[in-house]
Amino acid sequence: MNPILIWTERRLIFSLVIALAITALPAPRQTTAEDPEAATKPDLEKLVSQYVSVRLTTDLEQLSDNDKKMIPLLIDAAKEMDQCFWYEAYGDPTELLSSASGDELKYLQMNYGPWDRLDDNKPFIDGVGPKPKGANFYPADMTAEEFESAKLPGKDSLYTFLRRDESGKLVVVPYRDMFQKQVTVAAEKLRAASKLADSPRLRRYLALRAEALLTDDYQPSDLAWLEMKDNTIEVVIGPIENYEDALFEYKTAHECYVLVKDLPWSQRLAKFKQYLPELQRGLPVADAYKKEEPGSDTDLNAYDVVYYAGDCNAGSKTIAINLPNDEEVQLKRGTRRLQLKNAMRAKFDKIMLPIADELIADEQRDNITFDAFFSNTMFHEVAHGLGIKNTIDGKGTVREALKNTASTIEEGKADILGLYMIQQLHRKGEVDADLSTFYTTFMAGIFRSVRFGAASAHGRANMIRFNFFAERAAFERSEDGKYRVNADKFGSAAKELAGLLLKIQGDGDYAAAKQLTEQYGVIKEQLQSDLDRLSQKGIPVDVVFEQGVDVLGL
């Protein structure tokens, strides 16, 4: 029977439907109490309290009757992605969840497994060993050397698992086979939603995405997704990001966002995409590292999220999207950047402002604004489209060359080039606020993001930036424990780091990427002490959502 787990707490109402058909999924990876790093039970009430509850709602008045009928169907499809991600991150969770209750159950659901995503994936359940770097995408006993030497077509595909056959040999299992039940249900829901779509382009995308879930061929639906312009309802669904695979960063994880477009804010953003070719030409690096032209079909819009599922709902929550990730599609057609405005506003109000009160110098406190936070986040996503996707020596993509450092370097590049874009647009008069506003808000954003830990690509990228900037006196820490931005040095440090990251990517220099990550991608004692102050003050680390058709009133 499919267990449905719903729990409620005074400050936190979080619902997660687990509908795993046990016969559809292989058994989970096993961990043992004998492991020397086995967890001792922490204060789970305290861990749960790191998250503040946020209701995901939107203005339903702008929606047509068909839009309102579509949303429940899309949420049903999202729940299937939740099941897939549970297996990718951990395995079949039925036994794990059925034996838990209270705060332990809540925290398992928040993390999609027994490893704390806000604490470098340390186990928080007794008898559970360290999280495998390859999560559940590979056999737990598989070595990197065994993988590299295996002559298996599709072993490095974005959409396959590695498993062992009866003789112990590695075999490749496509996602469409591993998740046959889940993708069949999700595809049915998407097709039903497509029949309700008022926009022909949305109708086509939903039909193609349903087919992609069944075939693991996502490029046609990615191209169709880029064509959507006039739809109010939006859905991002499927295996997308590769952060969960910390072993090779090959395997993508399932997730879903159901979104409603914020038309006024989207209109404010539309003008910026015209500057992308000019910004690419002006990057602070030699011409060889900026020879690729960003796609012309770039799109910028703002949305309210009404449902998160799977990868994007695990641990720290995403507040902006830049897709597709397919390098061929990006170069041919560009990307779409979706700013998740209601989630962004919640993090700003409930987390960013209290952090600024504690860690930013009093005279710079007024520089922390939502508009600057929104812009920094938006241009981070836009900056993913700048730079280079293929190494300059013709040896393949940057992602392939940089291996398990690729995501860290890419996230770092996007943050820094986001600042670069703001600098350039400020000079053109397209950005009104003083640069110090963006710099100070950016600095506060580092403190917010680094609390997610240094185990993730985003966390390592934040620490590289923080430590690099510290060496160049881009900011200073006063005796009262507050930080003051040096605007001139902040800008020059950003330019220097941008050039370094762009060169590492263009050269496909894995050794340099690894060295940079090991040298700078760590949380040092002084910073950790300051971050501990935030926890002592009861400032949340991230958000958890009250979401679903009941919350929306549908």
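Small disclaimer: the values here were computed from a predicted structure and weren't measured. (Residues numbered from 1 in each chain as written. Predicted model: local features only at pLDDT ≥ 70, side-chain atom pairs only at ≥ 80, totals over all residues. Heavy atoms only, no water.)

1. Digging into the overall build of the protein chain
Argument step 1. When you go through the protein chain residue by residue, the secondary structure sums to 22 helices and 15 strands.
Argument step 2. For the protein chain, the proportion of contacts with a sequence separation of at least 24, taken over those separated by at least 6, is 75%.
Argument step 3. Roughly 21900 Å² of accessible area belongs to the protein chain as shown, and the carbon and sulfur atoms make up 48% of that amount.
Argument step 4. Within the protein chain, one finds 69 positive and 87 negative side-chain charges whose respective centroids are separated by 3 Å. (Helix = DSSP H or I, 4+ residues; strand = E, 2+ residues; numbered from the N terminus. Contact = heavy atoms within 4.5 Å. Areas by Shrake-Rupley, 256 points an atom, 1.4 Å probe, with all protein chains shown as cover. Lys, Arg positive; Asp, Glu negative; His and termini not counted. Charge placed at Lys NZ, Arg CZ, Asp CG, Glu CD.)

2. Let's talk about helix 16 (residues 406-427)
Argument step 1. Helix length check: helix 16 (22 residues) gives 31 Å between terminal C-alpha atoms against 32 Å at 1.5 Å per residue, within 8%.
Argument step 2. With respect to burial, helix 16 is a largely interior element, 19 of its 22 residues being buried.
Argument step 3. With its phi angle positive at about 80°, Gly-429 sits one or two positions after the end of helix 16. (Expected span 1.5 Å × (residues − 1). Buried < 20%, exposed > 50% of the residue type's maximum accessible area, 1.4 Å probe, protein only.)

3. Quick notes on the sheet that holds strand 12 (residues 336-340)
Argument step 1. Strand order across the open sheet formed by five strands is 8-9-10-12-11, with mixed pairing between neighbours. Of all the strands in the sheet, the pair left with one neighbour each is strand 8 (233-241) and strand 11 (320-323). Sheet twist, expressed as the mean angle between neighbouring strand axes with direction ignored, is 35°.
Argument step 2. Both strand 10 (residues 299-310) and strand 12 contribute to a ladder of five bridges, which runs parallel. The partner of Asp-299 across the bridge, within strand 12, is Arg-336.
Argument step 3. Its contacts with the sheet place helix 13 (residues 341-359) against strand 10 and strand 12, and it is angled at close to 45° to strand 12. (Pairing = 2+ DSSP bridges. Axes fitted to C-alpha atoms, helices over the stretch in contact; angles between N-to-C directions.)

4. So, the side chain of Asp-92
Argument step 1. Considering the arrangement of structural elements, one finds Asp-92 in the loop between helix 2 (65-89) and helix 3 (94-98).
Argument step 2. Taking relative accessible area as the criterion, Asp-92 reaches 11% and is therefore assigned buried.
Argument step 3. Looking at Asp-92, its side chain comes within polar contact range of the side chain of Thr-94, at 2.7 Å. (Polar contact = N/O pair within 3.5 Å; in protein donor to acceptor, adjacent residues only side chain to side chain.)

5. Focus on the packing of aromatic side chains
Argument step 1. Evaluation of the coordinates by the stated rule reveals 36 aromatic pairs.
Argument step 2. Judged by centre distance (6.3 Å) and plane angle (65°), the ring pair of Tyr-51 and Tyr-107 falls under edge-to-face. Of this pair, Tyr-51 sits in strand 3 (residues 51-55) while Tyr-107 sits in helix 4 (residues 102-111), placing them 56 residues apart in sequence.
Argument step 3. You can call Tyr-51 buried: its relative accessible area is 3%.
Argument step 4. Considering the side-chain rings of Tyr-159 and Tyr-218, the 4.9 Å spacing of their centres and the 40° angle between planes classify their relative orientation as tilted. On the criterion of sequence distance, the pair formed by Tyr-159 in the loop between helix 5 (144-149) and strand 6 (160-164) and Tyr-218 in the loop between helix 8 (200-215) and helix 9 (219-226) is long-range, its members being 59 residues apart.
Argument step 5. According to the relative accessible area criterion, Tyr-218 is buried, its value standing at 4%. (Phe/Tyr/Trp six-rings, centres within 6.5 Å; stacked < 30°, edge-to-face > 60°.)

6. Let's talk about the environment of Glu-104
Argument step 1. Within the secondary structure, Glu-104 sits in helix 4.
Argument step 2. Residues Glu-104 and Asp-43, 61 residues apart in the sequence, show an inter-C-alpha distance of 9.5 Å.

7. A closer look at the pattern of salt bridges
Opposite charge on two side chains makes pairing possible when the charged atoms of those side chains draw close.
Argument step 1. Scanning the entire structure with this criterion turns up 32 salt bridges.
Argument step 2. When the shortest N-O distance is used, the salt bridge between Asp-507 and Lys-503 registers 2.8 Å. With a gap of four residues between them, Asp-507 and Lys-503 both fall in helix 19 (residues 487-507), about one helical turn apart.
Argument step 3. Its relative accessible area of 42% is what places Lys-503 among the partly exposed residues. (Salt bridge = Lys/Arg side-chain N within 4 Å of Asp/Glu carboxyl O.)

8. Some words on the state of the cysteines
Argument step 1. Inspection of the entire model under this criterion finds zero disulfides.
Argument step 2. Here Cys-84 is not disulfide-linked; the sulfur of Cys-256 is the nearest cysteine sulfur, at 11 Å. (Disulfide = S-S within 2.5 Å.)

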